[in-house]
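Next come the chains, spelled out residue by residue.
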Amino acid sequence: GFSQSYAIEVDIKDASNATCLYADWMMKFLITYESNNGDYKTTTLNLSSSVTHNGSVCGNDTQAALVAVQFGEGHSWSINITKNNETYQGDIITLTYNTNDTAVFPDAKRKGPVTVLVKDPLQPVQLNTVFVCHNSYFIEAENVTQIFWNVTVQAFVQNGTVSKNESRCPADTPTSAPTVPPTVANVTTASTTTLSPAPTTAPKPVENPDTGNYSLKCGNKTCFLATVGLQLNVSKDKPLLININPKTTIADGACGNTTATLKLNDGNSTLIGF
């Protein structure tokens, strides 16, 4: 369910009332926090239907552009975007969430605003080009996973018109289909020497996933250990099996007195939480 969040549209004008920065996107946040009884819980912070963008600025050759939004009960998110020669690029993403919001953090031990900073990992975009990413992608920092999708953004807009030239994110880029070795099922063989039916060959089973070793620490002590091979069976138009590669998977999470949360991010838009 991404449907609980609302889309944000920010259209910043310059002094001549021309668009200088345009952004339209959706996002949500998975936040792990400590409860009053010492357990760690993961909650979802969605955007509300009422979002403001106070403090957003166009930027120029010497000043970074800024997209800043405020929503809900004291939550805010911003990204500053820098210009360098013929490109622009996101720099620092700042999320401030307020644990006084009891609808999202009903039993938070720590009360008040919490700020998390993270570097935007996306590559630079050419000027006069709009960045587009329809598929979801994840950015993790500390105890927060930020999830973005349906993103359209262009900073330092020229002549007040959003460009039709697009730069797509890696999540939107199709990958080439793997080469399938010939099998009895996909090779047609003509035979003139026999009329007997060909023997039936059982389909090749999907390979088992590689086993990964994942661990969490609380201070200097290991509080969570998992040795496991993970395979997802996704049912869409037809079943799809996905093996999680431990070599490219990052483990994160937290341990409490009676609960532990393990988050695995395979770096390819798959996030698994235990």
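An account of the accompanying structure is given in this report. Nothing here was measured: the structure is a model prediction, and the numbers come from that model.

1. Comments concerning the nonpolar core
Item 1. One finds Trp25, Met27, Phe29, Trp77, Tyr97 and Phe131 to be the most contacted residues of the largest nonpolar core, which totals 46 residues.
Item 2. By residue number, the principal contributor to this core is strand β2 (residues 19-34), which donates eight residues.
Item 3. In this view, Phe131 contacts Tyr88, Leu122, Val125, Tyr137, Val151, Thr152, Val153, Ser167, Arg168 and Cys169; residues no more than four positions away in its chain are not counted.
Item 4. Listed in part, the 10 residues of the second largest apolar core include Tyr214, Leu216, Ile244 and Ile272.

2. Here's the deal with the sheet that holds strand β18 (residues 250-255)
Item 1. With respect to topology, three strands assemble into an open sheet ordered β18-β19-β20, the strand pairing being antiparallel. Both edges of this open sheet fall to β18 and β20 (271-273), since each of them pairs with a single strand only. When strand polarity is set aside, the average angle formed by the axes of neighbouring strands in this sheet is 15°.
Item 2. Sheet topology places strand β19 (residues 260-265) next to β20; three bridges connect them, and they run antiparallel. Its bridge partner being in β20, Asn265 is matched across the sheet by Leu271.

3. Points about unusual backbone geometry
Residues apart from glycine generally show negative phi values, whereas peptide bonds are mostly found in trans.
Item 1. For Asn17, which is not a glycine, the phi torsion comes out positive at approximately 65°.
Item 2. In this structure, Asn17 sits in the loop between β1 (8-13) and β2.
Item 3. Despite not being glycine, Glu142 has its phi angle at roughly 55°, a positive value.
Item 4. If you trace the backbone, Glu142 turns up in the loop between β11 (137-141) and β12 (144-155).
Item 5. With relative accessibility at 55%, the residue Glu142 sits in the exposed group.

Parameters at a glance
- Residues numbered from 1 in each chain as written.
- Predicted model: local features only at pLDDT ≥ 70, side-chain atom pairs only at ≥ 80, totals over all residues.
- Heavy atoms only, no water.
- Core = buried A, V, L, I, M, F, W, Y, C linked by side-chain atoms within 4.5 Å.
- Buried < 20%, exposed > 50% of the residue type's maximum accessible area, 1.4 Å probe, protein only.
- Helix = DSSP H or I, 4+ residues; strand = E, 2+ residues; numbered from the N terminus.
- Contact = heavy atoms within 4.5 Å.
- Pairing = 2+ DSSP bridges.
- Axes fitted to C-alpha atoms, helices over the stretch in contact; angles between N-to-C directions.

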